Amino acid sequence: MPHAEMVHWWFATGFLMLGLLLLAEVVVGPEVWNRRAWRRYLWPGLVFGLGLLMWPVMTFYTNSTIHMLAHGSWAQALMLAGAAELGLASGKLHSQYWRLCSAVGLAVSGGAFLVHEQQHWLFSRAAFLHHALGSMLIVAAVFPLLQAFRPRSFIGATGFATTFLVVAVLLYCDRDTAAIFGHLSQYAGPPHR
Amino acid sequence: MSAELVTELQAKERGATRAATWRIRIVRGLGPLTVLIGLAWALIQPYRLTLIDPHGQGFWWLVSEPPLYVVLVGVLFRLLIAPGLVKDLEE
């Protein structure tokens with residue numbers, strides 16, 4: 001079985017691509033981005049796929065009930081957000097308020113990060129990153145919320161894209177056992193480099 | 001058409017062209033920038049690349065090369081996403 005840190009890096013890669021796609025959409029504008037049909041489905045499909053991939057994580061990395069609940073709810077929230085965006089991209093959904101699903105997705109993801117990290121911030125780098133990611137995602141839920149009410153909001157779109165780039169950076173920083181700002185609990189185990 | 005109106009239209013057109021040029025540059029630059037970041041990371045933390053010293057490493061450690069993942073994302077974006085976007089912007 002791959003280590004948990006490796007799974008974090010694989011998800012980081014998915015989120016990095018997601019962030020780049022969203023950033024490119026902000027740069028070129030929705031008119032140019034939606035000109036090719038396949039491109040409309042690209043990032044919503046990626047979000048849905050990342051949600052699907054959370055299920056094996058739930059199955060194989062269940063250290064406790066809280067881990068299972070966190071990963072399971074996370075998978076569902078990501079799939080819901082991806083499905084709503086896919087519906088909007090295909091034109092089957094029309095209301096701009098479906099974007100609220102992305103806000104719910106980010107908020108649930110943030111909650112899942114916080115809930116399944118049972119150690120304090122400076123216990124280890126993994127603990128710090130889980131706290132940082134969770135708190136950031138809950139705050140970042142404001143960006144899709146803004147987009148639901150103001151679909152052409154530049155701040156909303158840029159903030160949404162940047163959120164995934166920051167998530168990718170933080171996930172790449174993850175190590176199973178490593179110090180954070182010189183702190184590592186004696187209960188965390190032998191550190192990695 | 002009055003000369004003033006023509007000048008105004010030309011100025012607007014120039015502004016739109018300038019904006020499109022900047023957008024094209026940014027779209028073209030996103031992939032290579034990502035690749036550069038990945039390469040810089042590999043140089044700063046070479047121990048994150050187990051392929052450099054593969055002896056004694058298991059399968060999953062050999063598959064897990066985070067700096068190379070970043071490079072790969074940049075390359076994929078540059079090759080698969082950017083060309084279509086640039087073409088659509090130029091049109």
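The written sequence of each chain sets the order in which its residues are numbered from 1. Written order determines the labels here, with chains lettered from A and ligands numbered from 1. Per-residue local features are limited, in this predicted model, to residues with pLDDT of at least 70; the limit for side-chain atom pairs, both in listing and counting, is 80 or more; totals at the level of whole chains, interfaces and linings are taken over all residues.

A short note on the interface of chain B and chain A
This is how the line gets drawn: Residues are scored as being in contact if the C-beta atoms we place from backbone atoms lie within 7 Å. Secondary structure elements are defined from DSSP: runs of H or I of at least 4 residues count as helices, runs of E of at least 2 residues count as strands, and each element is numbered from the N terminus.
Each partner contributes to the interface: chain B provides 18 residues, whereas chain A provides 18 residues. Put simply, the parts of the chain that give the side of chain B that touches chain A at least two residues each are helix H1 (3-44) and helix H3 (66-90) of chain B. Looking at which element gives the most residues to the side of chain B that touches chain A, the answer is H3 of chain B, with ten residues.

Some words on the packing of helix H1 (residues 4-28) of chain A against helix H4 (residues 42-60) of chain A
All names here are of chain A. The criterion, for reference: Inter-axis angles, ranging from 0 to 180 degrees, are taken between N-to-C directions of lines fitted to C-alpha atoms, where helices are fitted over the stretch in contact. For classification, angles of less than 35 degrees are called roughly parallel, those exceeding 145 degrees roughly antiparallel, those between 65 and 115 degrees roughly perpendicular, and all remaining angles oblique. Crossing handedness follows the turn of the near helix against the far one: under a right angle anticlockwise gives a left-handed crossing, and clockwise gives a right-handed one. For this classification, the nonpolar set comprises Ala, Val, Leu, Ile, Met, Phe, Trp, Tyr, Cys and Pro, the charged set comprises Asp, Glu, Lys and Arg, and every other residue, Gly included, is treated as polar.
In contact at an axis separation of 10 Å, H1 and H4 are set at 165° when each is read in the N-to-C sense. Overall, the two elements H1 and H4 adopt an arrangement that is roughly antiparallel. Judged by the sense of rotation from one axis to the other, the crossing of H1 with H4 is left-handed. Contacts between H1 and H4 involve Val-7, Phe-11, Gly-14, Met-17, Leu-18, Leu-21 and Leu-22 from the first element and Leu-42, Trp-43, Leu-46, Val-47, Leu-50 and Val-57 from the second. Across the contact of H1 with H4, the residue classes tally to twelve nonpolar, one polar and no charged.

A short note on the nonpolar core
All names here are of chain A. As a reminder, the rule being used: For this entry, the nonpolar core is defined as buried Ala, Val, Leu, Ile, Met, Phe, Trp, Tyr and Cys residues connected by C-beta atoms within 7 Å. For every residue, the other C-beta atoms within 10 Å of its own C-beta are counted; 20 or more classify it as buried, 12 or fewer as exposed, and values in between as partly exposed. C-beta atoms are placed from the backbone.
Formed by 60 residues in total, the largest nonpolar core has its most connected members in Leu-20, Ala-24 and Leu-78. The element that contributes the greatest number of residues to this core is H1, accounting for 13 residues. The contacts of Leu-78, once residues within four sequence positions are left out, are Val-47, Leu-50, Gly-51, Met-54, Gly-105 and Ser-109.

Re the packing of helix H7 (residues 125-140) of chain A against helix H9 (residues 154-172) of chain A
Residues and elements named next belong to chain A. Contact geometry of H7 with H9 gives a least axis separation of 11 Å together with a crossing angle of 175°. In terms of orientation, H7 lies roughly antiparallel with respect to H9. Where H7 abuts H9, its residues Leu-129, Ala-132, Leu-133, Met-136 and Ala-140 lie against Gly-159, Thr-163, Val-166, Val-167 and Leu-170. Its residues assigned to classes, the contact of H7 with H9 comprises eight nonpolar, two polar and no charged.

Quick word on the environment of Arg-78 of chain B
Residue and element names in this part refer to chain B. By the element assignment, Arg-78 lies in helix H3. On the basis of neighbour counts, which here come to 19 C-beta atoms within 10 Å, the residue Arg-78 falls in the partly exposed class. Along the primary structure Arg-78 and Val-35 are separated by 43 residues, whereas in three dimensions their C-alpha atoms are 9.5 Å apart. Discounting chain neighbours no more than four positions away, the residues touching Arg-78 are Gly-31 and Pro-32.

Shape is all these values report; function is a separate question.
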